[in-house]
Number of protein chains: 2
Amino acid sequence: MIEPIGNQYIVARPVYSANAFGEEHKKKHRYHKTFLDHLKVCCSCSTEKARRIALSLLPIASWLPAYRVKEWLLSDIVSGISTGLVCVLQGLAYGLLVNIPPSYGLYAAFFPVIVYFFLGTSRHISAGPFPVLSIMVGATVSRLTPMANTVAMDFPNNSTSNEGPSLDDYKVMVAATVTVFSGIFQLLMGVLQVGFMVVYLSESLISGFTTAAAIHVLVSQLKFILQLNVPPYTDPFSIFKVLNSIFTQIEKTNIADLVTSLIILFILFVVKEINECYKATLPVPIPIELILTVIATGVSYGFDFRNRFNVTVVGKMESGFQSPITPDMKIVQETIGDSFSIAIVGFAVAFSVARVYSLKHDYPIDGNQELIALGLSNVVTGSFKGFASSTALSRSAIQESTGGKTQIAGILSAVIVLIVIMALGFLLEPLQKSVLAALALGNLKGMLMQFVEIRRLWRKDKYDCLIWIMTFIFVIVLGLALGLAASVAFQLLTIVFRTQFPKCSTLANVGRSNIYKNKKDYSDMYELEGVKIFRCPSPIYFANINFFKQKLIDAVGFSPLRILRKRNKAMKKIRKLQKEGLLQVTPKGFICTVDGLKDSDEELDNNQIEELNQPINTTDLPFQIDWNANLPLNIVVPRIELHSLILDFSAVSFLDVSSMRGLKTILQEFIRIKVDVYIVGTDDDFIEKLERCEFFDDEVKDSIFFLTIHDAVLHILMKKDYNASKFNSSQENDIKFDFTTHTNGGLRNRECRVSVETKF
Amino acid sequence: MIEPIGNQYIVARPVYSANAFGEEHKKKHRYHKTFLDHLKVCCSCSTEKARRIALSLLPIASWLPAYRVKEWLLSDIVSGISTGLVCVLQGLAYGLLVNIPPSYGLYAAFFPVIVYFFLGTSRHISAGPFPVLSIMVGATVSRLTPMANTVAMDFPNNSTSNEGPSLDDYKVMVAATVTVFSGIFQLLMGVLQVGFMVVYLSESLISGFTTAAAIHVLVSQLKFILQLNVPPYTDPFSIFKVLNSIFTQIEKTNIADLVTSLIILFILFVVKEINECYKATLPVPIPIELILTVIATGVSYGFDFRNRFNVTVVGKMESGFQSPITPDMKIVQETIGDSFSIAIVGFAVAFSVARVYSLKHDYPIDGNQELIALGLSNVVTGSFKGFASSTALSRSAIQESTGGKTQIAGILSAVIVLIVIMALGFLLEPLQKSVLAALALGNLKGMLMQFVEIRRLWRKDKYDCLIWIMTFIFVIVLGLALGLAASVAFQLLTIVFRTQFPKCSTLANVGRSNIYKNKKDYSDMYELEGVKIFRCPSPIYFANINFFKQKLIDAVGFSPLRILRKRNKAMKKIRKLQKEGLLQVTPKGFICTVDGLKDSDEELDNNQIEELNQPINTTDLPFQIDWNANLPLNIVVPRIELHSLILDFSAVSFLDVSSMRGLKTILQEFIRIKVDVYIVGTDDDFIEKLERCEFFDDEVKDSIFFLTIHDAVLHILMKKDYNASKFNSSQENDIKFDFTTHTNGGLRNRECRVSVETKF
């Protein structure tokens, strides 16, 4: 029974090597689950499991019955209406980014919400178009209609509908096809349960990603604010191409549009500040987007901006829905890659935003279910001529901040969109496109403010800061899809880096008890003579085994291989001398009967190098050599003080095959120069694995494992005592050994010591 | 002083929390080197350093003066001649793969050896053309000369030289340009010291990579053996395209070529077996390649195979060297990507092979110096109209196995090539190309035998086995350059995987001392009541923090958040009752004066959920609640036995920012339901980092750290004793507490316990 005695840590037990412990405490035989067992569990079926899966596939079934009408409905209605209006405006604005008539944007704002209502797991995000996705779809559209590109150039001056239906229809068809197939990809990923990927999106990465995405959105809206013709680029470096295009034609800016946008932006920021300051006193935030839209539309209509200042307006809105389409397989072949990127980015964005709210309000979201919901949204939206959707941070922020509690708010926002689609669309016809763009920009402030993260992260964790910065740069430079891939890859690399250069340290005893700490950290350290305790605080694998070896060599102060070779070289000379009868073994050691032997073979044959790496073979010699004493014949072998090396592997969570070979080599080298190696702090699995990999042999034995550093240290001390007594008793043997006690702790075990007399 | 007493581990010291230990043993202030300091060391200059760098840049300066003429020269000469002959044949064969006249292959076999002699660090590899690199260059050549492609189709029937010099010259120019620029890339990489990358090429990866490369070489030679016209593909999936192309035209096979090749291959294998079996008795291995070449050339010339069987022969050999060229910048623009891939693959192959021999003969090789040597080789070779070179495993194997000791053998092989270039080339003109191909194939056996690795690796380490298989598949399917990149990425992912799903375990005491092991492993375990010891054996970061949380929740058996919410819900009810005066506090607890209160607000507002996650506020209540006792009014709160949780973080080598937040959340949840959390086994840096990241607050304090599990356990036991005595003495207070001892160990600290009387 463990009993505390005052505030004392008192332990008395035998010293345990792993083997000794194993003998005393029998291990239970444990059945380790095989891959097949896991598969069985995965594939087993029960009523409960079926019910759970069904519920998880239709999240509405779990939250709608628990809906509390009197408490939530009102705020859901308020939120729904506000969000709905923004949906309409953003739908139109993002339709512009896709290069199709804005009215199609309304479909993209309507269908996803309906599907997400039934299938989504987040309560607060507003499904629908996202600017960056719209740009991606737009780029595909432009690529497949190269002719349309030049048309788009003239676009601001001619209402699109004048271009004849065939071209626009084709563009819509491309957008819809891409959308359907991105949806199919998402559905597939959801069904294949690859939603677990989201664990690779760390906070730092998401923060950097959304900030860069905000910059992309900002740049994408510039052309509408300045009313310039910028071809849509999406390849890597697109952001620079767009900026270049804008600055080369900056003099063509439509001043009326610019001024309107600036005014709108200014009002937006001021009113949003007011909303923020008086959050407590205002019953609902001022619906400034709505007010501005109404005023801007009125002014534009009243003063006939379109003809007077040549501004671009939303233009003819078709009312009602259009008949669904089936994707064009010819288009599919050419856009399959784009669809995949869109699927990934759409999911990444939606999931990032959903996670922000799920963390805030503390409810679970399910990556796989999100994939299914988004996938089906896109399939449905695409079929009805909408374009790829996900969620927009700004719109979701509105839905949540105006009091939205559940997706009921979402469905109400869809109703607003529906009303506009069916009846009120014509009212928006005189609205300037630059106003839409300015309204979209007004909500980016929050995302852009994430730049302050950098400083915070730098203080906390350099690697995390690096992830933020690199993600930002990658996404800015390479675009969202490639940038995201590069960031995730980079982030995973940081994990490798963190383990690749472990802070290895030499430990020593503190306070003469069983505590061992970094030698450099404390002043009252106690280091056993001839014993090094080396700690590696990370897994060892192919990429850091050489680093580990180097650190170990630095810590002990010599390369065991070098010592081994020097000793073997010296051995060869001694053996040669002995054969030639120039060496006499005396009771007091051996005496060289020749002086000043020439150092003929100082340079060694490469062929013989392998031989030098072998264990020192002393079986044919009638005496043994103390390498730390003076050797005859100018043979110089570096003296080493070390007799025991303890490797603290308590933080080495795994070894791979490459590192195992490297580790074995260095252990062998140490063992061959008579340094005892002990490995401590490993768990049982670790030793079992080494056994399976045939790690142990005659030199590296499985008796090197001890439970703790202290066990190993006590074992070494004990051995020292034992050896000393053995030496003392062996003095009566036929050959007389001259045993000299070395105060430096240079004690060997398994080997008797003969001091070597030298004559020069 | 630590003194062993028999075989006993005896320790008596105070129980240490990290804080207590820190007070007793003052930490030294350590100056941590900043990035700037490292830079200073890097950029500092001394004579010694300059000498070392100079020597490392010119390895020959260190090994040539130590060359032992009488011992090594003979074997170097034998090896040099054998290798030289193979060089000639391989040069010609690989020239075919580049789609240029074979005689240019001799330049590729000559110049690299000369440069490598001076600059290379490996003693055994034979620099020169490598089949897969040749294919890569060949593909670039074909891409830039689309017309040439169709010409190449007719190629076997017309000697190349008939095609007019302009086309061939252009092809040679393309090959040379690509080669020069791949050399420039390698030089740059060498100068920028990115040779450290090679640590990412693990043994399993190199084994899989070279095996797949052998398959690529095999497939590439098929067209020469069957004498079919296969356009050179190198995009991903090229291997399937080539095989498809071969099988669709298999009926066009030239039977004479096929028969010759099969005979050659058969003889080659038999004689190589003989060489292997009688290695000991034969003075030199039978130079079967040479014999076969001589015979094949003679037979082909004598029986006029070219005209009789329509076989393709080497054809006109130009003798002497050609004037150097400068790369064509127009070609550079179009081939810069190819050059980069070739640079990487060339380096990867050469380094892999060099490492095989450096491991075998135990001498160091230097990745950066290898890059410089290969880079300069390629620049020189390209300038003299050769094509990209690296090393071929088969040729290096010959150089080493015939007794090559140093690069002297290499330089001699270059002399042989030189002789053929200058004078003897014309002798090889009647040689069949299929013979060259068969000779190249004959040496692939060793590489293909590496398939047996799979079984060995599977037994040793599943992840390493997976790396092998995936590398093989990637390289086969995607080609060498892309495949290598994918394999390295995959291999790094495995490191993440290994840490991502740690085998967390619950520990318990073994043998009543300070040893704690996995509860499931031993039978004589002792678990303290109400205490869980949880061990996570890997770093915790963004990708596994949720996994960690889930494992922890599984280990303790409940979700602390759920308990906290239930308790807070119950608290609200109790407070409501108390306000309404329905609850009376008595000395024996509290009594509810109403029975069967309706459960009106079972479903909670989402808004209030956040409130429920807050700490339980009991300051306004005149009593405290024992959550494990029966509560009034049908309030059901799950009872928990746990009072202390010990997290063994000795193997948690780092935390990132994402995981820190996750960890803090779960710690808070436990602390809020009055479970004391202790973290043990961390090093001091770990705590410092948490402090820097503002991890600690009023709830999660920095006093939770203890040195070892046993310290924490003793602390818990002590606290239990202390609390028990405090309870006993507090019975004289004005409010009488009914202290009931719970044998299940459900003891709380910082909280007195009131049993709650219930009346229904």
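Since this is a predicted model, take the numbers as computed values, not measurements.

Now for the relation of the copies chain B and chain A. Both copies of the chain are related by a screw-like operation: a rotation about an axis and a shift along it. Take chain B, turn it by 180 degrees, move it 0.0 Å along the axis, and it overlays chain A with an RMSD of 0.2 Å. On this basis, the relationship between the two copies can be described by a two-fold rotation axis. Among all C-alpha atoms of chain B, that of Ala651 of chain B lies closest to the rotation axis, at 1.9 Å. Most of the interface of chain B is mirrored in chain A: 100% of its interface residues are interface residues there too.

Attention now moves to the pattern of salt bridges. With the rule as written, the count across this model stands at 32 salt bridges over all chains. The salt bridge partner of Asp461 of chain A is Lys689 of chain B, with a shortest N-O separation of 2.4 Å. Of this pair, Asp461 of chain A sits in the loop between helix 21 (453–460) and helix 22 (462–478) while Lys689 of chain B sits in helix 28 (residues 684–692), placing the two residues on different chains. Of the two residues, Asp461 of chain A and Lys689 of chain B, neither departs from the other in class, the shared state being buried. A salt bridge links Lys503 of chain A to Asp685 of chain B; the nearest nitrogen and oxygen atoms lie 3.9 Å apart. A residue pair is termed interchain when its members come from two chains, as with Lys503 of chain A in the loop between helix 23 (480–500) and strand 4 (505–510) and Asp685 of chain B in helix 28. On the accessibility criterion, Asp685 of chain B (30% relative accessible area) is partly exposed. Through salt bridges with shared partners, one network takes in Asp461, Asp464 and Arg498 of chain A together with Lys689 of chain B.

Let us now look at the packing of aromatic side chains. All names here are of chain A. Here the structure, examined in full by the defined rule, presents 53 aromatic pairs over all chains. Measuring from ring centre to ring centre gives 5.8 Å for Trp63 and Phe117, while their planes differ by 85 degrees; the resulting arrangement is edge-to-face. Linking Trp63 in helix 4 (residues 60–63) with Phe117 in helix 6 (residues 103–119), this pair joins segments that are 54 residues apart in sequence. Measuring from centroid to centroid gives 4.7 Å for Phe111 and Phe384, while their planes differ by 20 degrees, and the two rings are stacked. Pair noted here: Phe111 is in helix 6 and Phe384 is in the loop between helix 16 (367–383) and strand 3 (390–391), with a separation of 273 residues, a long-range link. Judged by its relative accessible area of 27%, Phe384 falls in the partly exposed class.

Quick look at the packing of helix 10 (residues 203–226) of chain B against helix 11 (residues 238–248) of chain B now. All names here are of chain B. Interaxial distance between helix 10 and helix 11 falls to 10 Å at its minimum, and their mutual angle equals 25 degrees. With respect to their mutual orientation, helix 10 and helix 11 come out roughly parallel. Note that helix 10 runs across helix 11; the crossing there is left-handed. Across from Ile215, His216, Val219, Leu222, Lys223 and Leu226 in helix 10, the residues of helix 11 making contact are Ile239, Val242, Leu243 and Ile246. In terms of residue class, the contact of helix 10 with helix 11 is built from eight nonpolar, one polar and one charged.

Turning our eyes to something else, we now look at the state of the cysteines. For the structure shown, the criterion picks out zero disulfides over all chains. There is no disulfide at Cys693 of chain A, and the cysteine sulfur nearest it, in Cys465 of chain B, is 12 Å away.

Let us now look at the interface of chain B and chain A. With 106 residues of chain B at the interface, the matching set in chain A holds 107 residues. Of the roughly 10200 Å² buried between chain B and chain A on both sides combined, carbon and sulfur atoms contribute 54%. For the pair chain B and chain A, the number of links is 10 salt bridges. For the salt bridge of Glu203 of chain A with Arg661 of chain B, the shortest nitrogen-to-oxygen distance reads 3.3 Å. For the pair chain B and chain A, the interface holds 21 residue pairs in polar contact (both at pLDDT 80 or more). Per element, the largest residue contribution to the side of chain B that touches chain A is nine residues, and it comes from helix 23 (residues 480–500) of chain B. In the side of chain B that touches chain A, the residues fall into 42 nonpolar, 25 polar and 39 charged. Taken together, the seven bridges between strand 1 (residues 8–14) of chain A and strand 1 (residues 8–14) of chain B define a ladder with antiparallel strand orientation. Across the sheet, Ala12 of chain A pairs through a bridge with Ile10 of chain B, a residue of strand 1 of chain B.

So, on to the side chain of Asp464 of chain A. Locating Asp464 of chain A in the fold gives a position in helix 22. Those residues in contact with Asp464 of chain A that lie beyond four places of it in its chain are Ser204, Leu457 and Arg498 of chain A together with Asp656 and Val657 of chain B.

Turning to the side chain of Thr391 of chain B, a few remarks are in order. Residue and element names in this part refer to chain B. With respect to the helices, strands and loops of the structure, Thr391 is situated in strand 3 (residues 390–391). Looking at Thr391, the relative accessible area reads 0%, which means it is buried. At 2.7 Å, the side chain of Thr391 and the backbone oxygen of Ser126 are in polar contact. Ignoring anything within four residues of it in the chain, the contact list for Thr391 reads Ile125, Ser126, Ala127, Gly128, Phe130, Val349, Ala350, Val353 and Ser396.

On to unusual backbone geometry, then. Phi at Gln193 of chain A takes a positive value of approximately 60 degrees, unusual for a residue other than glycine. Mapped onto the elements, Gln193 of chain A comes out in the loop between helix 9 (165–191) and helix 10 (203–226). If you check the backbone angles, Gln227 of chain B has positive phi at about 60 degrees while not being a glycine. Within the secondary structure layout, Gln227 of chain B lies in the loop between helix 10 and helix 11.

Turning our attention to helix 25 (residues 560–579) of chain B. All names here are of chain B. With 20 residues, helix 25 should reach 28 Å at 1.5 Å per residue; the first-to-last C-alpha distance of 28 Å fits that figure. If you check which residues of helix 25 are buried, you get Pro560, Leu561, Ile563, Leu564, Arg567, Asn568, Ala570, Met571, Lys573, Ile574, Arg575 and Leu577. Of the residues trailing helix 25, Gly581 is marked for its positive phi of about 75 degrees.

Residue and element names in this part refer to chain B. The N-to-C vectors of helix 24 (residues 545–556) and helix 27 (residues 657–672) enclose an angle of 20 degrees; their axes lie 9 Å apart at closest approach. What the angle tells us is that helix 24 and helix 27 run roughly parallel. As for the relative orientation of helix 24 and helix 27, their crossing is right-handed in sense. Seen from helix 24, the contacting residues are Ile545, Phe548, Lys549, Leu552, Ile553 and Val556; seen from helix 27, they are Ser659, Gly662, Leu663, Thr665, Ile666 and Phe670.

Criteria and cut-off values
- Residues numbered from 1 in each chain as written.
- Chains lettered and ligands numbered in written order.
- Predicted model: local features only at pLDDT ≥ 70, side-chain atom pairs only at ≥ 80, totals over all residues.
- Heavy atoms only, no water.
- Least-squares fit on C-alpha atoms with pLDDT ≥ 70 in both.
- Contact = heavy atoms within 4.5 Å.
- Salt bridge = Lys/Arg side-chain N within 4 Å of Asp/Glu carboxyl O.
- Helix = DSSP H or I, 4+ residues; strand = E, 2+ residues; numbered from the N terminus.
- Buried < 20%, exposed > 50% of the residue type's maximum accessible area, 1.4 Å probe, protein only.
- Phe/Tyr/Trp six-rings, centres within 6.5 Å; stacked < 30°, edge-to-face > 60°.
- Axes fitted to C-alpha atoms, helices over the stretch in contact; angles between N-to-C directions.
- Parallel < 35°, antiparallel > 145°, perpendicular 65-115°, else oblique.
- Left-handed = near helix turned anticlockwise from the far one by under 90°.
- Nonpolar A, V, L, I, M, F, W, Y, C, P; charged D, E, K, R; others polar.
- Disulfide = S-S within 2.5 Å.
- Buried area = accessible area lost by both parts, 1.4 Å probe.
- Polar contact = N/O pair within 3.5 Å; in protein donor to acceptor, adjacent residues only side chain to side chain.
- Pairing = 2+ DSSP bridges.
- Expected span 1.5 Å × (residues − 1).

Honestly, that's just the spatial picture; any functional story needs more than this.
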